[in-house]
Amino acid sequence: MSNLQAVENQKLQQESSPVVRTSKRQRDYQQIALYKDVNPLDWEDWHWQIKNRICTKDVLTQVITLTPDEEKGIDKAKGRLSMSITPYWGTLLDPEDAGCPLRRQAVPVIQESIIAPHEMTDPCAEDRDSPAPHLVHRYPDRVLLLATEHCAMYCRHCTRRRLVGDHETKDANSPSRFDAAIEYIKSDRKIRDVLISGGDPLILEDEEIESLLQKIRAISHVEFLRLGTRVPVTLPQRITEKLVNMLKKYSPLWVSIHFNHPKEITKRCKIACDMLAEAGIPLGSQSVLLKGINDRPYIMKKLVHELLQIRVRPYYIYQCDPVRGTQHFRTPVAVGINIMEKLRGHTSGYAVPTYVIDGPGGGGKIPVGPNYILSQAKGKYVLRNYKGKIYTYLE
Ligand SMILES: *Cc1c(COP(=O)(O)O)cnc(C)c1O
């Protein structure tokens, strides 16, 4: 696709750095006939990307060759967590391989309608811990604000599939919809950290995001703001100069980005992350451990290494929550522990995220990983290092 290439070249040339790191891959996207006549300015317009999302089988068949499991999955995925794929993400899909890690995250399959006995609608019991609409208060000093029920793309492993999707929202866009949540945050002086997530808060218009940030920043005991988003990965065009300049004003504001696979780190995604980092916004990544997608240590290692190169600090790896219809994505916990074993000590500490299980029923994030304490007696710890060598530490 020459239009995307043209925009990339232009952006890359604008970078002042004399060292231009070139990707080993010639191109990190497919050329698709459907998009060959799209004006590069339209392609770069995030509203165009949203308007032209792939939501039907008819359009998707012009992008990839569908398998019977996918065709049946798309038919079933109506309403909540409907299929919705940005044209940008569409160009990253392998047209022939249904096992493509990006394709599996975006295209529904019939396995989603298999509900395992232990799977739940709201596995983390967020609705129970909600003191005001759109707010989850689980930990003493921080809250989670669900700013929207929409995303650029709907991930098939979504843990909030009970809320999220391409449906009409009753109070969508009503500026008063967060009033009760804001009042609640104001009333509890212990809340020093507000995490704005959703859905994807960066799917809202700049003005809506700013109005929300303003209201929260006006609360004197809130020290720290964070945004949880996937748009730098699914819709990097959303990260505009205007957005970045607005976000900059609300510092300290940290951004956590949902990354699952090294193939997601395209040249275009790098430009988006670079713009955020250049604005002084610290970036973290959160990944969900997904069977056949990122459950091999070498893939996770490649992902965390590439993240550090774009100034994104790996923050969490989540065990895939037992949410209804996700059994085909879930790995044994041992798989995650083994990935941590292969990272810690073997690579930069900055590249090592924390592997967590969100305690089903509302326990919050519980870290799990290899055990390095072999025994512990009075004043004496017997430890092993990453190579398995044993050391004694006397207190
Ligand atoms: C993940 C989460 C947070 C933030 O947790 P951190 O470990 O501080 O990143 C806050 N509230 C809820 C309900 C969460 O699920």
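Residues numbered from 1 in each chain as written. Predicted model: local features only at pLDDT ≥ 70, side-chain atom pairs only at ≥ 80, totals over all residues. Heavy atoms only, no water.

Caption draft 1: Seen up close, the packing of aromatic side chains. In the structure shown here, the tally under the stated rule is 5 aromatic pairs. With a centroid separation of 5.3 Å and an interplanar angle of 65 degrees, the aromatic rings of Tyr 35 and Trp 43 are classed as edge-to-face. On the accessibility criterion, Trp 43 (0% relative accessible area) is buried. A ring pair is formed by Tyr 315 and Tyr 316, whose centres lie 4.1 Å apart and whose planes are at 35 degrees; its orientation type is tilted. On the basis of relative accessibility, which here comes to 17%, the residue Tyr 316 falls in the buried class. The structure contains a cluster of three or more aromatic residues connected by ring pairs, namely Tyr 35, Trp 43 and Trp 48. Lying across the ring of Tyr 139, Arg 142 places its NZ or CZ 4.0 Å from the centre. (Phe/Tyr/Trp six-rings, centres within 6.5 Å; stacked < 30°, edge-to-face > 60°. Buried < 20%, exposed > 50% of the residue type's maximum accessible area, 1.4 Å probe, protein only. Lys NZ or Arg CZ within 6 Å of the ring centre and 35° of its normal.)

Caption draft 2: Molecular detail of unusual backbone geometry. In this structure, the amide linkage connecting Gly 198 to the following residue, Gly 199, adopts the cis form with an omega of 25 degrees. Examined against the element boundaries, Gly 199 turns out to sit in the loop between β3 (193–197) and α9 (206–217). The peptide bond linking Ser 251 to Pro 252 adopts the cis configuration, its omega dihedral lying at -5 degrees. Relative to the helices and strands, Pro 252 resides in the loop between α11 (241–248) and β5 (253–258). Phi is positive for Ala 125, which is not a glycine, with a value near 50 degrees. Positive phi outside glycine occurs at Arg 311, with the angle close to 65 degrees. (Helix = DSSP H or I, 4+ residues; strand = E, 2+ residues; numbered from the N terminus.)

Caption draft 3: Seen up close, the sheet that holds β5. Here we have 9 strands laid out as an open sheet, ordered β1-β2-β3-β4-β5-β6-β7-β8-β9, and mixed in their pairing. Looking at which strands have only one partner, the edges of the open sheet turn out to be β1 (135–139) and β9 (364–367). Looking at each pair of strands side by side, their axes are set apart by 30 degrees on average, direction ignored. Looking at chain direction, β5 and strand β6 (residues 283–288) are connected through 4 bridges and run parallel. Looking at the pairing, Ser 256 lines up with Gly 284 of β6. (Pairing = 2+ DSSP bridges. Axes fitted to C-alpha atoms, helices over the stretch in contact; angles between N-to-C directions.)

Caption draft 4: Representation of the confidence of the model for the chain. In this model, the chain carries an average pLDDT of 93, and 93% of its residues clear a pLDDT of 70 or more. Here residues 12–24 scores under 50 on pLDDT; set against residues more than four positions off or in separate chains, the count is 5 contacts. (pLDDT = per-residue confidence, 0-100. Contact = heavy atoms within 4.5 Å.)

Caption draft 5: Region of the structure containing the site of the ligand. Near the ligand you find Val 136, Arg 138, Tyr 139, Arg 142, Leu 144, Leu 195, Arg 226, Tyr 315, Tyr 316 and Lys 365, and these make up its full shell. Side-chain polar atom of Tyr 315 to an oxygen atom of the ligand: 2.6 Å apart, as the coordinates give it. Calculation on the ligand without its partners gives an accessible area of 390 Å², and the protein chains cover 91% of this total. Every element with two or more residues in the shell around the ligand is listed here: β1, β2 (142–146) and β7 (312–318). Counting residues per element, the shell around the ligand draws most heavily on β1, which supplies 3 residues. Taken together, the residues of the shell around the ligand break down into 6 nonpolar, no polar and 4 charged. (Near = heavy atom within 4 Å. Polar contact = N/O pair within 3.5 Å; in protein donor to acceptor, adjacent residues only side chain to side chain. Areas by Shrake-Rupley, 256 points an atom, 1.4 Å probe, with all protein chains shown as cover. Nonpolar A, V, L, I, M, F, W, Y, C, P; charged D, E, K, R; others polar.)

Caption draft 6: Local environment of the packing of α9 against α11. Direction vectors running N to C along α9 and α11 enclose 5 degrees, while the axes themselves pass 11 Å from each other. Viewed along their axes, α9 and α11 adopt a mutual orientation that is roughly parallel. Touching Asp 206, Glu 207, Ile 209, Glu 210 and Leu 213 of α9 are Lys 242, Leu 243, Met 246 and Leu 247, all from α11. Split by residue class, the contact of α9 with α11 holds 5 nonpolar, no polar and 4 charged. (Parallel < 35°, antiparallel > 145°, perpendicular 65-115°, else oblique.)

Caption draft 7: Representation of the sheet that holds strand β12 (residues 390–394). Spatial ordering of the open sheet is given by β10-β11-β12, a layout of 3 strands whose pairing is antiparallel. The open sheet terminates on both sides in strands that have one partner only, identified here as β10 (373–377) and β12. Shown here is a sheet whose adjacent strand axes are inclined to one another by a mean of 15 degrees, direction ignored. As paired strands, β10 and strand β11 (residues 380–384) are joined by 4 bridges and run antiparallel to one another. Among the inter-strand pairings, Ser 375 is bridged to a residue of β11, identified as Val 382.

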